[in-house]
Amino acid sequence: MKIIKSVEEWKAEREGLAGKKIGFVPTMGGLHAGHMSLVKKCRGENDVCVVSVYLNPTQFNDKKDLETYPANFADDCALLEKNGADYLFAPTYDVMYPDGYKYKVIETDFSKELCGAKRPGHFDGVLTVVMKLFNIIRPANAYFGEKDFQQFKLLEGMVKAFFLDVKLTPCPIVREDNGLAISSRNRKLSAEGLKVAPRFHEILASGASVAEKEKNLAAAGFTVDYVTEKDGRLYAAVFLEGVRLIDNVPV
């Protein structure tokens, strides 16, 4: 695996890949089995597998959340190497935002709902950084986990709106045996919290009404951020031990 840290370095590398299909998995680090499922699919469907690791500050509305994000670059590199990534793009803030984040990609509808209503500016940061990454990497295919389903739908809309020549592929949520969606933030939970956390998906996937699910989540020890049904999918976000967890299930 080759580690690339600048746009110029990647452009030079990309010239030697002419005619090859490039697949891309953008991440913020703190890699786990969910990310590796994306890398595996990318590897199988493309000639070249590129993964980015960039902890994007513009999508964090909570500075403390950014500072405590559980990522270790050396561990991420080892995991990517083991799982067959060809390139790791690992830029700095100055590389990604030479303009100081004066220029942004903004969606004015769905990005204001659900997580967007609770995390102002979050999706502006997501859409902007992914647009930049697409313009740098220029992949034929890009892979995203369905745990962040609202994010996927917004990125899908961005690709259509700006006529971007990239195919987005949603990949199923990877869960622990107990149903908990695998997430980097799970590492911030205590041993006791990890025992409670699986109840989140269990309650969300139950046949109860939305109001009953909110009540049951609170009774199980979660602080409910929202539980909302939209377009045939039930989205939810909760806090447990101060850690924000998200999940979604088809209705």
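Calculation criteria
- Residues numbered from 1 in each chain as written.
- Predicted model: local features only at pLDDT ≥ 70, side-chain atom pairs only at ≥ 80, totals over all residues.
- Heavy atoms only, no water.
- Helix = DSSP H or I, 4+ residues; strand = E, 2+ residues; numbered from the N terminus.
- Buried < 20%, exposed > 50% of the residue type's maximum accessible area, 1.4 Å probe, protein only.
- Salt bridge = Lys/Arg side-chain N within 4 Å of Asp/Glu carboxyl O.

1. Remarks on unusual backbone geometry
We note that Leu114 has phi near 50°; this positive angle belongs to a residue other than glycine. Within the secondary structure, Leu114 sits in the loop between helix 5 (93–96) and helix 6 (115–118). Here Leu114 falls in the buried class, since its relative accessible area comes to 6%. Of note in this structure, Phe163 is not a glycine but carries a positive phi near 55°. Looking at where Phe163 falls in the secondary structure, it is placed in the loop between helix 8 (149–161) and strand 6 (167–171).

2. What to know about the pattern of salt bridges
For the structure shown, the criterion picks out 12 salt bridges. The closest approach of N and O atoms between Lys41 and Glu45, which form a salt bridge, is 2.8 Å. With Lys41 and Glu45 both in helix 2 (residues 33–45) and four residues apart, the pair spans about one turn of that helix. Relative accessible area serves as the criterion here: at 33%, Lys41 is assigned to the partly exposed category. Glu45 sits in the partly exposed class, given a relative accessible area of 35%. A salt bridge links Arg244 to Asp225; its shortest N-O distance comes to 3.0 Å. Of this pair, Arg244 sits in strand 9 (residues 243–250) while Asp225 sits in strand 7 (residues 223–230), and the two are 19 residues apart along the sequence. Residue classification places Arg244 among the buried positions, given a relative accessible area of 15%. Salt bridges sharing common partners tie together Asp65, Arg185 and Lys188.

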